[in-house]
Amino acid sequence: KSKKSKKLLLKIKRVKNMEGQVVNILIPLKSLSIFVLGTNVEDYLHLGYGYISKEEMQVYSDTYTFPDFGISLSTDEKTDKLIYGIETDVSCVYKDHELINMLYDDFLTLVNLLSDDVSDIYIHGAKKNGRIYKVYYFDSLGLTLFVWRGRIRSINVSNYDVFVND
């Protein structure tokens, strides 16, 4: 990579709003913040990160967490290196609107779409009680929304087309 592009990455490393909170800009089917789908996760390991192996989590992909961004990345099954999914429960800004904690109905108005699919998922709580989330899939945007009590609580960004030719 050129020095210029690395400098640019450092400049946009942490975008924050007026209150000093992290702001992650979404480009559907492509990226969230500086993290780009289909790129090598090693490109981001100079940033502060945590790592959880797929064996430890008993899931299909390794997970890299970037606390400064409120983002976690999952990698592809084949190489364990390419970014397959980007998840956040901290910030995801689309069309100048923060989607985290936005009312789901407001999101539908913003994107003028209906979900392609919906399911329920139980997620264990930090203490003892878990929550049942409604999970909405928007394939044309590459978004999976986790909704609880009518508000978007977490978002997963993906693009299955990037990995179709595996």
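Parameters at a glance
Residues numbered from 1 in each chain as written. Predicted model: local features only at pLDDT ≥ 70, side-chain atom pairs only at ≥ 80, totals over all residues. Heavy atoms only, no water. pLDDT = per-residue confidence, 0-100. Contact = heavy atoms within 4.5 Å. Salt bridge = Lys/Arg side-chain N within 4 Å of Asp/Glu carboxyl O. Helix = DSSP H or I, 4+ residues; strand = E, 2+ residues; numbered from the N terminus. Patch = residues over 30% accessible without salt bridge, like charges linked within 9 Å, V, L, I, M, F, W, Y side chains within 5 Å. Areas by Shrake-Rupley, 256 points an atom, 1.4 Å probe, with all protein chains shown as cover. Pairing = 2+ DSSP bridges.

A.B. asks: Mind showing me how you'd approach the confidence of the model for the chain here?
C.D. replies: The predicted coordinates of low-pLDDT regions are not to be read in fine detail. Per-residue confidence for the chain gives a mean pLDDT of 86; residues scoring 70 or more make up 84%. Here residues 1-13 is a poorly scored stretch, pLDDT under 50, and it has 6 contacts once near neighbours within four places are set aside; other chains count.

A.B. asks: Sorry, what's going on with the pattern of salt bridges here?
C.D. replies: Two side chains that carry opposite charge are able to pair once their charged atoms sit near each other. Under the defined criterion, the tally for this structure stands at 3 salt bridges. Here K54 ties to D80 by a salt bridge, and the two come within 3.1 Å at their closest N and O atoms. Remark: D80 occurs in the loop between β6 (71-75) and β7 (83-88) and K54 occurs in helix α2 (residues 54-57); sequence separation between them is 26 residues.

A.B. asks: Looking at this model, I keep getting lost on a nonpolar patch on the surface. Mind explaining?
C.D. replies: On the surface, M57, V59 and Y60 cluster together into a nonpolar patch covering about 290 Å² of accessible area. Along the chain, Y60 turns up in the loop between α2 and β5 (63-66).

A.B. asks: Explanation requested: the sheet that holds strand β1 (residues 26-27) in the structure shown.
C.D. replies: Across a sheet, paired strands are connected by hydrogen bonds in the backbone, their directions being either parallel or antiparallel. If you walk across this open sheet you meet the 3 strands as β1-β2-β3, and the pairing is antiparallel. The sheet is open, and its two edges are formed by β1 and β3 (35-36), each paired on a single side. With 2 bridges connecting them, strand β2 (residues 31-32) and β3 associate as antiparallel partners. Within β3, the residue paired with L32 across the bridge is F35.

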